[in-house]
Number of protein chains: 2
Amino acid sequence: MAAYEQLVDRFARLASLNGAAAMLHWDAAAMMPRGGADARAEQLATLSLVSHEMLCAPEVADLLVAAEGEQVRQVRQAHLGPWEQANLREMARIRAHATALPADLVNALSRAGSACEMVWRMARADDDFATLCPHLEEVIALVRQAAQAKAEAFGCTPYDALLSEYEPGLTAAAVDRHFDALADFLPNLLDNALSRQPAPPPAPERMSAALQESLSRQLLDMLGFDFEHGRLDVSMHPFTGGISDDVRLTTRYDEADPLGSLYPALHEGGHGMYERGLPGTWRGQPVGGAMGMAIHESQSLLVEMQVCRGDDFLGYLAPLLRNVGGVSGPGWEGEGLSRRVRHVARSLIRVEADEVTYPLHIIHRYRLERAMLSGDLKVADLPGAWRDGMANLLGIDVANDRDGCMQDIHWMDGAVGYFPTYTLGAMAAAQIYRAADAALPNLSDDLARGDFGPLMAWLQKNVHSQGRLHATADDLLIAATGSPLDGGIFRRHLEKRYAEG
Amino acid sequence: MAAYEQLVDRFARLASLNGAAAMLHWDAAAMMPRGGADARAEQLATLSLVSHEMLCAPEVADLLVAAEGEQVRQVRQAHLGPWEQANLREMARIRAHATALPADLVNALSRAGSACEMVWRMARADDDFATLCPHLEEVIALVRQAAQAKAEAFGCTPYDALLSEYEPGLTAAAVDRHFDALADFLPNLLDNALSRQPAPPPAPERMSAALQESLSRQLLDMLGFDFEHGRLDVSMHPFTGGISDDVRLTTRYDEADPLGSLYPALHEGGHGMYERGLPGTWRGQPVGGAMGMAIHESQSLLVEMQVCRGDDFLGYLAPLLRNVGGVSGPGWEGEGLSRRVRHVARSLIRVEADEVTYPLHIIHRYRLERAMLSGDLKVADLPGAWRDGMANLLGIDVANDRDGCMQDIHWMDGAVGYFPTYTLGAMAAAQIYRAADAALPNLSDDLARGDFGPLMAWLQKNVHSQGRLHATADDLLIAATGSPLDGGIFRRHLEKRYAEG
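We now turn to the structure provided with this report. (Residues numbered from 1 in each chain as written. Chains lettered and ligands numbered in written order. Predicted model: local features only at pLDDT ≥ 70, side-chain atom pairs only at ≥ 80, totals over all residues. Heavy atoms only, no water.)

1. Some words on the sheet that holds strand E1 (residues 230–234) of chain B
Residues and elements named next belong to chain B. Taking strand neighbours across the sheet as the criterion, the three strands line up as E1-E3-E2 in an open arrangement whose pairing is mixed. Every interior strand has two partners, whereas the edge strands, E1 and strand E2 (240–243), have only one. Across this sheet, the average inter-strand angle for adjacent strands is 20°, counted without regard to direction. Relative to strand E3 (residues 246–251), E2 runs antiparallel, the two sharing four bridges. Within E3, the position partnered with glycine 241 by the bridge is arginine 248. (Pairing = 2+ DSSP bridges. Helix = DSSP H or I, 4+ residues; strand = E, 2+ residues; numbered from the N terminus. Axes fitted to C-alpha atoms, helices over the stretch in contact; angles between N-to-C directions.)

Right under this line is the structure:
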């Protein structure tokens with residue numbers, strides 16, 4: 001067997017182990033009773049160790065070298081196409097990330113992350129940062145070690161090494177450029193939006209969880225989500241888990257806030273359509289995976305923000321709320337409904353933030369995680385730094401750590417370098433949506449009828465089916481939209497929606 | 001680190017992988033959308049290959065030899081107790097089962113089993129044995145190879161080698177002895193029971209699935225099942241999955257047949273109490289596992305058959321059905337209810353059979369699987385042999401293969417040697433229950449009040465907490481009841497319940 005085929009076999013095996021871990025992560029959030037947590041942490045730590053061992057096996061290095069040689073010959077003979085070449089590139093990338101870390105650090109990170117997450121669940125409920133602090137300190141110390149090891153292996157800065165786990169090729173210099181422009185732009189826009197928007201509509205009537213679920217399923221059907229290859233369940237924080245052939249979406253139901261379940265369902269549905277739409281021919285191979293977390297987020301935000309908070313779609317949603325959800329009145333249709341789904345507010349919680357203030361929450365976390373990584377900010381000083389940042393960026397007082405620096409799971413699990421992708425994803429969503437809109441002359445009418453077919457077909461062709469063929473998100477954006485990530489399009493979208501008309 | 005401690009680490013890692021596989025098996029039956037089946041089969045095959053590799057690593061053999069040496073020294077110095085010694089014995093046993101099979105056979109068995117199971121689900125619905133046949137032939141051919149390889153490694157017959165996977169130390173000679181006595185005894189008892197029992201009571205009213213679920217949960221609470229370490233869900237066939245710290249029970253709800261959900265829930269609850277009650281100190285170690293499938297089944301049948309179809313418990317169940325389930329009338333209390341839960345019938349389907357005819361279904365399967373393993377029976381001839389056996393043993397005509405040789409999943413998955421443990425478990429249940437009854441003078445009153453505390457405490461002490469300390473089920477039975485498996489106690493139980501009074 002040629003070296004390349006042997007690598008394909010090994011990475012397929014690895015994908016099965018990662019797929020098993022993905023299902024167990026989903027189960028932990030959506031199904032697992034509390035008493036199963038310790039055993040689950042052991043299962044996940046063991047799976048990550050086994051994966052790490054497989055990737056680091058010396059034979060993989062030999063096979064990569066041999067396959068490179070085959071590649072040179074076969075490209076010349078036109079036997080090896082661009083997908084195979086990209087697959088080899090991604091195999092080498094994944095292996096480089098694995099071999100940069102010794103097995104005991106992988107193990108320590110997995111265990112410290114699980115332990116910290118468990119402590120965090122209790123400590124957050126009790127607003128008790130002191131109890132969390134030593135656990136988070138341990139996680140951050142291990143992340144710093146890992147970042148340092150990767151920086152040395154890759155010849156880059158420690159933070160860039162972490163960024164590149166979530167978004168290949170992304171650097172802090174690029175993030176700075178995008179975020180500086182936003183930080184300049186958003187405060188004025190926010191003031192403007194706040195001063196223009198009318199008082200929020202009166203609190204509308206309740207909707208039962210059963211009706212919210214039924215509506216959520218109907219909206220996912222509308223997107224084209226395939227329930228033969230996926231599920232919708234409940235978890236504390238909505239997310240998309242599982243694998244491309246078995247996509248597990250979650251949302252949550254609050255009877256007093258039906259839009260707070262429907263929009264998360266639409267958001268996760270966007271993620272789910274991307275996962276499911278990844279190229280079937282390349283299932284289980286690195287090149288068949290999602291481009292990166294920014295493009296992933298662009299697909300959820302394109303559905304949730306670009307489309308489903310726009311007036312075209314609201315014209316379709318309102319009768320659905322009335323006829324299926326059984327709610328009516330001024331807060332459920334026309335102007336009242338648009339005001340509610342596009343309401344802007346300075347608020348404490350990222351996951352509940354509107355699209356104008358959301359990037360400020362992200363810039364805030366980006367600055368803090370960089371400072372923690374460099375050592376400029378001690379974990380023990382995080383609560384104070386959080387308060388200062390929220391006051392500066394959002395002009396809001398943080399009353400407690402539960403609604404402050406303890407609100408997110410990411411750092412607890414050692415995910416440093418992930419936050420920026422949310423806002424890069426929001427930018428990419430605006431850019432991709434504009435390109436789709438230009439290509440689909442009837443898009444507005446389609447969406448007003450709840451017909452997502454043409455939009456999804458365009459996304460499938462230009463984004464989903466591309467997997468990881470391109471080396472970076474910018475390359476994918478150039479192919480799909482004609483230019484690399486252009487934050488101006490997102491800013492223009494915000495201006496148009498929140499400061500004009 | 002001493003060799004024994006190194007083995008403890010390795011087997012803990014193995015237990016985590018097996019635990020991950022157990023959760024994925026549960027998910028496949030209770031949660032997974034149909035489209036996830038191929039990827040799941042890959043995940044499970046990969047996990048079983050990785051486990052197999054870990055067990056077969058030459059270092060494990062070296063460690064076992066070194067630990068044996070330590071054992072001799074430390075037993076002399078009283079440093080190594082009976083649990084550690086039993087743990088070493090079980091480690092060696094598990095490794096012997098693994099090393100007897102080459103990796104490609106393990107892989108082929110896993111894949112052929114998954115493929116056959118998928119074909120079976122469709123073919124059974126269509127009553128299409130011809131489509132199933134080549135797949136089942138492949139599975140049986142691989143099982144015969146595996147049995148032969150193990151027979152050579154262990155110096156026993158191929159069928160005994162398979163039996164010992166599910167029940168350590170069990171031989172076909174022992175099964176024959178027990179089953180011959182039953183095959184002599186049951187036909188007369190069955191005629192007697194059928195002639196004595198009154199006509200079945202009229203079909204009673206329906207109960208909603210929601211009420212059945214609520215009642216099932218209440219009954220599991222009554223058993224002492226810990227929902228902080230477990231769940232109750234729905235699957236086509238009720239089963240108990242997961243791990244000791246996260247026990248996943250399933251049942252099913254048919255509004256026309258509420259007892260058909262409550263008794264499976266009680267049955268699985270008995271399995272669940274055993275799993276959960278295994279010794280916490282030895283979690284993840286071989287000695288901390290269940291004794292074998294016969295003892296496992298004894299714990300479910302003790303609850304379902306010995307206790308919950310007896311008059312004491314029915315006195316507690318009847319008001320519950322009325323007050324919680326909202327059903328009433330002659331079929332839901334007193335004589336009518338006992339007649340329903342103890343109704344005996346010659347029937348086609350094993351999982352719906354009563355406790356008198358159930359062993360005949362098992363003896364039937366035992367004879368057929370031995371004949372398939374020896375080569376005396378070809379898979380292609382299975383439908384005819386099935387009809388003959390059902391006519392001989394149960395006096396019943398089999399109209400189609402769906403309700404005949406295609407009804408069970410076991411052979412599809414390559415589980416040959418498993419069926420006998422169901423009936424050995426029924427025997428052990430009668431024997432263990434008699435010992436508990438002798439030890440607990442107020443048991444009858446306790447059960448009539450729905451108080452399972454004293455019974456479960458006795459089982460916990462004498463069965464659950466013993467894990468795999470004993471080398472065989474007979475050794476455990478001697479310790480718990482004073483004698484090895486004694487089929488006479490089960491036969492006496494059946495006589496008393498179905499042929500007297």
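Anyway, onward from the coordinates.
2. What to know about the pattern of salt bridges
Under the criterion given, the structure shown has 64 salt bridges over all chains. Arginine 322 of chain B is the partner of glutamate 333 of chain B in a salt bridge, and the nearest nitrogen-oxygen pair spans 3.4 Å. Placement of the pair is glutamate 333 of chain B in the loop between helix H12 (311–323) and helix H13 (334–341) and arginine 322 of chain B in helix H12, with a sequence separation of 11 residues. Connected via shared salt-bridge partners are Asp27 and Arg40 of chain A together with Asp246 and Arg248 of chain B. (Salt bridge = Lys/Arg side-chain N within 4 Å of Asp/Glu carboxyl O.)

3. Looking at the nonpolar core
Counting 133 residues, the largest nonpolar core has Phe452 and Leu455 of chain A as the members making the most contacts within it. If we skip the residues at most four places from it in the chain, leucine 455 of chain A touches Leu302, Val307, Ala436, Leu440, Leu443 and Leu447 of chain A. If you look at the next biggest cluster of nonpolar residues, it comprises 131 residues, including Val106, Ala147, Leu337 and Tyr366 of chain B. (Core = buried A, V, L, I, M, F, W, Y, C linked by side-chain atoms within 4.5 Å. Buried < 20%, exposed > 50% of the residue type's maximum accessible area, 1.4 Å probe, protein only. Contact = heavy atoms within 4.5 Å.)

4. Concerning the environment of arginine 497 of chain A
All names here are of chain A. In this fold, arginine 497 is placed in helix H20 (residues 487–498). In this structure, the C-alpha to C-alpha distance between arginine 497 and glycine 310, residues 187 residues apart in sequence, is 8.6 Å. With sequence-adjacent residues up to four places away left out, arginine 497 is seen in contact with Met305, Gln306, Arg309, Gly310, Arg342 and Glu355. Among the polar contacts made by the side chain of arginine 497, one reaches the main-chain carbonyl oxygen of methionine 305 at a distance of 2.8 Å. (Polar contact = N/O pair within 3.5 Å; in protein donor to acceptor, adjacent residues only side chain to side chain.)

5. Some thoughts on helix H11 (residues 293–307) of chain A
Residue and element names in this part refer to chain A. The first and last C-alpha atoms of H11 sit 20 Å apart over 15 residues, in line with the 21 Å expected at 1.5 Å per residue. At leucine 301, H11 shows its strongest bend, of approximately 45°. Of all 15 residues in H11, 14 are buried; the element is thus mostly enclosed. (Expected span 1.5 Å × (residues − 1). Bend = angle between axes of the 7 residues up to and from the residue.)

6. Here's the deal with the packing of aromatic side chains
Aromatic ring pairs are described here by two measures, namely the spacing of the ring centres and the angle between the planes. The final tally for this structure, using the stated rule, is 24 aromatic pairs over all chains. Taken together, a centroid distance of 6.2 Å and an interplanar angle of 40° make the contact between phenylalanine 419 of chain A and tyrosine 422 of chain A tilted. Taken together through their ring pairs, the aromatic side chains of Tyr166, Tyr358, Trp386, Trp411, Tyr418, Phe419 and Tyr422 of chain A make up a single cluster. Of note, arginine 340 of chain B hangs over the ring of tryptophan 332 of chain B, and the distance from its end group to the ring centre comes to 4.6 Å. One residue, arginine 350 of chain B, lies across the ring of tyrosine 422 of chain B, its end atom 4.9 Å from the ring centre. (Phe/Tyr/Trp six-rings, centres within 6.5 Å; stacked < 30°, edge-to-face > 60°. Lys NZ or Arg CZ within 6 Å of the ring centre and 35° of its normal.)

7. Considerations on the sheet that holds strand E3 (residues 246–251) of chain A
All names here are of chain A. Taken together, the three strands give an open sheet; going across it, the order is E1-E3-E2, and neighbouring strands pair in mixed fashion. This sheet does not close on itself; its edge strands, each paired only once, are strand E1 (230–234) and strand E2 (240–243). Mean inter-strand twist for the sheet, computed between neighbouring axes without regard to direction, equals 20°. In the packing of helix H10 (residues 259–277) onto the sheet, the strands contacted are E2 and E3, and the crossing angle to E3 comes to about 165°.

8. Looking at the relation of the copies chain B and chain A
Each of the two chain copies can be generated from the other by rotation about an axis followed by a shift along it. For the match of chain B to chain A, the screw axis carries a shift of 0.0 Å, the RMSD comes to 0.0 Å, and the turn is 180°. Expressed as an axis order, the relation between the two copies is that of a two-fold axis. The residues that chain B uses at the interface reappear at the interface of chain A in 100% of cases, marking a shared surface. (Least-squares fit on C-alpha atoms with pLDDT ≥ 70 in both.)

9. Examining the interface of chain B and chain A
In this assembly, 33 residues from chain B lie in contact with 33 residues from chain A. Summing both sides of the interface, chain B and chain A together bury roughly 2,600 Å²; the carbon and sulfur share of this comes to 58%. Taken together, the links from chain B to chain A amount to eight salt bridges. Here arginine 248 of chain B makes a salt bridge to aspartate 27 of chain A, at a shortest N to O gap of 2.8 Å. Inspection of the region where chain B meets chain A yields 10 residue pairs in polar contact (both at pLDDT 80 or more). Sorting the residues of the side of chain B that touches chain A by element identifies helix H1 (3–30), helix H2 (37–56), E1 and E3 of chain B as the ones contributing at least two each. (Buried area = accessible area lost by both parts, 1.4 Å probe.)

10. Here's the deal with the packing of helix H9 (residues 209–223) of chain B against H12 of chain B
Residue and element names in this part refer to chain B. Contact geometry for H9 and H12: axes closest at 12 Å, N-to-C directions at 145°. The hand of the H9/H12 crossing is right-handed. For the pair formed by H9 and H12, the contact residues are Leu215, Gln218, Leu219 and Met222 on the first element and Phe313, Tyr316, Leu317, Leu320 and Leu321 on the second. Class assignment for the residues of the contact of H9 with H12 results in eight nonpolar, one polar and no charged. (Left-handed = near helix turned anticlockwise from the far one by under 90°. Nonpolar A, V, L, I, M, F, W, Y, C, P; charged D, E, K, R; others polar.)

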